[in-house]
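# Descriptive structure summary
Here is what each chain is made of, one letter per residue.
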Amino acid sequence: MTTNQNKRIEMEGTTDQKNRVEEEHKKRKGEGKALELNVICESDRKKGKERATTLDLPHGRCLTPMFMPVGTQGSIKGLLSSQVLDLKCNIILGNTYHLGHRPGPNVMKELGGLHQLMNWNRNLLTDSGGFQMVSLLKFAEITESGVVFQSPHDGSQMLLTPEMSMQIQNKIGADIMMALDDVVSTVTTGPRVKEAMHRTLRWIDRCIEAHQRPDEQNLFGIVQGGLDPDLREECLEGLIERNLPGYAIGGLSGGESKDSFWRVVNQCTDRLPKDKPRYLMGVGYPLDLVVCCALGVDMFDCVFPSRTARFGTALVSKGNIHLKSAEFAKDFGPLDDKCGCMVCLNYTKAYLHALSTARDPLGGQLLTYHNIAYMLSLMTELRSSIINQTFDSFVRGFIKDQFPNNNCPSWAKDALASAGIQLE
């Protein structure tokens, strides 16, 4: 094979592969829908992009904007599935890489999928395993075929290809499954970013072809391209052409400047189809959620609320509070006067301080419950403000509460201004 032939295959994929993907699209046209998005309300500002939608999935309806808690290995650490249901959470995340190791796809298939394994009758979204190319980079070797991982658990090797990722996710049975993408750190520059973006487009075709349950599970593509607007645009165009059920914005929240972060999000939401859900991956700071809702994002996920809880930090309407601090030793008030969750109704900051300083696991469990309750409540308030056409005033009130000394970061002000919201 000549160098030119190799180059053509590297950049575009083979003609045979493209033909197979086109046939797969034709074959699936007209099949039962596994996703339906209805836009309930949109911004009334000229530059506004926030919106409220209903997202109907096989295991029930979700209301957006929404935050999705992360249960990497089939559980949100410290919480029962019934407790997550009590919080009126309609979708949580699992991770294909970790679930593929333990308990393994065959165990899940035999039982009927992850829903049955974890006793969860609401929706699931599974990441493809692509993020582990960054988080477990020292254990990974990336090629055109896929990624060879060395397990950090037992040292065994696992080849994760687009086909294998689809096979595992089909057995997991998630309502939304993410395509395997080539992920690089956001601070990476140079030809590796371009290579990863083009490979992501080639791999989406392999994912489409390998996906065996399109009438029951929704395959989302992931926009890559680093911080380069031209690469992001090329990836957007390629993914939109494939007419997927939904789209995610990937490759962010990995160390890039916040100014670069919001501009990439803004570019992507400007271009993504209005009739498809828009998912911003791995973003979960409350300020980021509010700003990115204004930029038109529908879905968010992050380990932040549960992970920071295990270190003794609570998310509240006035910012974050660190329960290990001695100032809470005799504070007999609730975590947040505005919160009606089980933790705030029944336990004091003094008790949570005692648990956190003693490193009692119960402290992390209670704070995890509260933090997820806070995030879900924030999403509910954002949605209500959009429907009631009071989004601008809600955002200003949120910023005032979180930054009482008028020290809101300049990137957030710029991002909101781009959406037509001027902070006072």
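Residues numbered from 1 in each chain as written. Predicted model: local features only at pLDDT ≥ 70, side-chain atom pairs only at ≥ 80, totals over all residues. Heavy atoms only, no water.

Our next topic: the overall build of the chain. For the chain, the count of helices and strands is 18 helices and 16 strands. Within the span of the chain, comprising 424 residues, buried residues form 55% of the whole. For the chain, the exposed area adds up to about 18,800 Å²; of that, 49% sits on carbon and sulfur atoms. (Helix = DSSP H or I, 4+ residues; strand = E, 2+ residues; numbered from the N terminus. Buried < 20%, exposed > 50% of the residue type's maximum accessible area, 1.4 Å probe, protein only. Areas by Shrake-Rupley, 256 points an atom, 1.4 Å probe, with all protein chains shown as cover.)

Now for a nonpolar patch on the surface. There is a patch of nonpolar side chains on the surface, built from Val107, Leu111 and Leu117 and spanning about 230 Å² of accessible area. Counting through the fold element by element, Val107 comes out in helix H5 (residues 105-111). Given a relative accessible area of 42%, Val107 falls into the partly exposed group. (Patch = residues over 30% accessible without salt bridge, like charges linked within 9 Å, V, L, I, M, F, W, Y side chains within 5 Å. Salt bridge = Lys/Arg side-chain N within 4 Å of Asp/Glu carboxyl O.)

Here Ser356 shows up in helix H15 (residues 349-357). Accessibility expressed as a relative area gives 7% for Ser356, which makes it buried.

Moving on, we come to the packing of helix H12 (residues 286-294) against helix H18 (residues 410-418). Two numbers describe how H12 lies on H18: the axes approach to 9 Å, and their chain directions differ by 20 degrees. Relative to H18, the element H12 lies roughly parallel. Read as a crossing pair, H12 and H18 show a hand that is left-handed. Facing H12, whose interface residues are Leu287, Asp288, Val291 and Ala294, H18 presents Trp411, Ala412, Ala415 and Leu416. Each residue belonging to the contact of H12 with H18 can be placed in one class, and the counts come to 7 nonpolar, no polar and 1 charged. (Axes fitted to C-alpha atoms, helices over the stretch in contact; angles between N-to-C directions. Parallel < 35°, antiparallel > 145°, perpendicular 65-115°, else oblique. Left-handed = near helix turned anticlockwise from the far one by under 90°. Contact = heavy atoms within 4.5 Å. Nonpolar A, V, L, I, M, F, W, Y, C, P; charged D, E, K, R; others polar.)

Let us look at the side chain of Gln169. Residue position: Gln169 is located in helix H8 (residues 162-172). Looking at Gln169, its side chain comes within polar contact range of the main-chain oxygen of Met178, at 2.9 Å. (Polar contact = N/O pair within 3.5 Å; in protein donor to acceptor, adjacent residues only side chain to side chain.)

Attention now goes to the sheet that holds strand E10 (residues 176-178). Within the open sheet, the 8 strands sit side by side as E4-E14-E13-E12-E11-E10-E6-E5. Their pairing is parallel. Unpaired on one side and paired on the other, strand E4 (66-69) and strand E5 (91-95) mark the two borders of the sheet. The average angle at which neighbouring strand axes cross in this sheet is 25 degrees, direction not considered. As defined by bridge partners, E4 adjoins strand E14 (residues 299-302) across 4 bridges and the pair is classed as parallel. The residue bridging Phe67 from the neighbouring strand is Phe300, located in E14. (Pairing = 2+ DSSP bridges.)

Quick look at the sheet that holds strand E8 (residues 147-150) now. Taken in spatial order, the 3 strands of this open sheet run E7-E8-E9, and their pairing is antiparallel. What marks the edges here is a single partner per strand, and that holds for strand E7 (140-142) and strand E9 (157-160). Each strand of the sheet is rotated relative to its neighbour by a mean of 15 degrees, with strand direction disregarded. Note: E8 against E9, 4 bridges, orientation antiparallel. Directly across from Gln150, in E9, lies its bridge partner Gln157.

Applying the stated rule across the entire model yields 3 aromatic pairs. Taking 6.2 Å as the distance between ring centres and 80 degrees as the angle between the ring planes, the aromatic pair formed by Phe261 and Trp411 counts as edge-to-face. Placement of Phe261 in helix H11 (residues 258-271) and of Trp411 in helix H18 is noted, with a sequence separation of 150 residues between them. When sorted by exposure, Phe261 lands in the same class as Trp411, which is buried. (Phe/Tyr/Trp six-rings, centres within 6.5 Å; stacked < 30°, edge-to-face > 60°.)

Most of H8 is tucked away: 8 of the 11 residues are buried. Turning to H8, its buried residues are Pro162, Ser165, Met166, Ile168, Gln169, Asn170, Lys171 and Ile172. Just beyond H8, the residue with positive phi is Gly173, at close to 85 degrees.

Taken together, Asp228, Asp230, Glu234, Glu237 and Glu241 make up a surface patch of like negative charges. Along the chain, Glu237 turns up in helix H10 (residues 229-241). (Lys, Arg positive; Asp, Glu negative; His and termini not counted. Charge placed at Lys NZ, Arg CZ, Asp CG, Glu CD.)

Let us look at the confidence of the model for the chain. Taken residue by residue, the chain gives an average pLDDT of 90. The fraction at 70 or more is 89%. Every residue in residues 24-32 scores below 50 in pLDDT, and together they form 13 contacts with partners more than four places removed in sequence or on other chains. (pLDDT = per-residue confidence, 0-100.)

Turning to unusual backbone geometry, a few remarks are in order. Cis geometry is found at the peptide bond from Thr64 to Pro65, where omega equals 5 degrees. Tracing the backbone shows Pro65 in the loop between strand E3 (60-64) and E4. Backbone geometry places Arg359, a non-glycine residue, at a positive phi of 55 degrees. Counting through the fold element by element, Arg359 comes out in the loop between H15 and helix H16 (361-387). What makes Arg359 exposed here is its relative accessible area of 72%. We note that Gln389 has phi near 60 degrees; this positive angle belongs to a residue other than glycine. For Gln389, the location among the structural elements is in the loop between H16 and helix H17 (391-402).

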